[in-house]
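# Coordinate inspection notes
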Amino acid sequence: MAAAGTAKLLSRPQQFPQCAPNRISLNPRPHSLSFSRRRPSLAKPLRLRAALSEPTTAVSSTPPPSAAFRHCFTRGEDGYLYCEGLKVEDVMESMEERRPFYLYSKAQITRNFEAYEKALAGLPSPIVGYAIKANNNFKVLQHLRSLGSGAVLVSGNELRLALRAGFDPKKCIFNGNGKLLADLVLAAKEGVFVNIDSEFDLENIVNAARIAGKKVSVLLRINPDVDPQVHPYVATGNKNSKFGIRNEKLQWFLDAVKAHPNELKLVGAHCHLGSTITKVDIFKDAAALMVNFIDQIRDQGFEIDYLNIGGGLGIDYYHTGAVLPTPMDLIDTVRELVVSRDLTLIIEPGRGHFMGVDEMPQE
């Protein structure tokens, strides 16, 4: 694939010791964004550059269905590394400072997103909510938003970043078991979906609704108690998970929502099983339990429109060529259940959008 242009931008590093707040500055050049962090031990800000490979001619972003996944970073016959046909060495030469930087394939991000769109075709108004915690690079967020993606948020700063990037609040879901009151007030004012994750979370959401003067559309995060068959540290849908509510406490939460008709509108149910999941039948097992919970909730007069099955689909972490489930495989396991209850499906991919997308070249 021919690729002639790059957009320079700066991406925050993933891990740093405790440091002062970020300083964010927009460069006057198009497609440019910079982040710097101040650290007492450094004489000047530490910067990480990034670039986005972008084709200049119209090309099909979706490979043929029978084509195997091809990494967008390849080694040319001349021994140099290429991204979408663009020589990485040339990108390095074009940078103002030849320091380590992140290089992303815009075309591959598009292909990965479109794989979910294609899988969801035929379902009524589905929402692909990108989990911002996977990669919060601002230009990447803007690109995903332009493709029609929603956003999944786990902090107030991610909520602000999503709003700044232009995501539709009606496609944003605020998750997490430690949401702050101030952040919930902002979510209520903007009209994003909020997941109820615990008793004190519900109380905070009610208070935020009163402060904002807005009724909040909420989903109940229910633990279906399905074993995702992954490492226990990333299994989040089990009965004893610190996230979500135990299914046997469902009635307590329904009664609490009923007690606050002016603050809460229950619109859906949500579960998240874990990360690095490689067996899609697990999603089907969870969805079968979730639609039964939705039947029970509807029987009590609630108008439930949404089923959020979370994310967590595994990727080929070690580049071994492993054959893993695709977004189509995942959606096909729950499609019939979603249609049978006339539900809108929400899916929350994160790292899957960045499979084979980025590298960190350095001198």
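Residues numbered from 1 in each chain as written. Predicted model: local features only at pLDDT ≥ 70, side-chain atom pairs only at ≥ 80, totals over all residues. Heavy atoms only, no water.

Where an unreviewed UniProt entry is consulted, the protein appears under the name Orn/DAP/Arg decarboxylase 2 N-terminal domain-containing protein, with the organism given as Acorus calamus. Here is the UniProt Cofactor (unreviewed entry) comment for the protein, exactly as written: "pyridoxal 5'-phosphate". (UniProt positions renumbered as here; feature names shortened; annotations may be inferred.)

### Let's talk about the pattern of salt bridges
According to the stated counting rule, one finds ten salt bridges in the structure shown. Salt-bridge contacts for K179 lead to D201; the nearest nitrogen and oxygen are separated by 2.7 Å. With K179 in the loop between β11 (172-174) and α5 (181-190) and D201 in helix α6 (residues 199-212), this residue pair connects regions lying 22 residues apart in the sequence. When sorted by exposure, K179 lands in the same class as D201, which is buried. As a salt-bridge pair, D295 and R341 come within 2.9 Å of each other at their nearest N and O atoms. Linking D295 in helix α8 (residues 281-299) with R341 in the loop between α9 (327-340) and β17 (344-347), this pair joins segments that are 46 residues apart in sequence. Take D295: its relative accessible area is 24%, and that puts it in the partly exposed class. (Salt bridge = Lys/Arg side-chain N within 4 Å of Asp/Glu carboxyl O. Helix = DSSP H or I, 4+ residues; strand = E, 2+ residues; numbered from the N terminus. Buried < 20%, exposed > 50% of the residue type's maximum accessible area, 1.4 Å probe, protein only.)

### Examining the packing of helix α4 (residues 156-165) against α5
The interhelical angle for the contact between α4 and α5, taken along N-to-C directions, is 30 degrees, at an axis separation of 9 Å. Regarding the angle of α4 to α5, the classification is roughly parallel. By crossing handedness, the relation of α4 to α5 is classed as left-handed. Contacts from G156, L159, R160 and L163 of α4 reach α5 at D183, L186, A187 and E190. (Axes fitted to C-alpha atoms, helices over the stretch in contact; angles between N-to-C directions. Parallel < 35°, antiparallel > 145°, perpendicular 65-115°, else oblique. Left-handed = near helix turned anticlockwise from the far one by under 90°. Contact = heavy atoms within 4.5 Å.)

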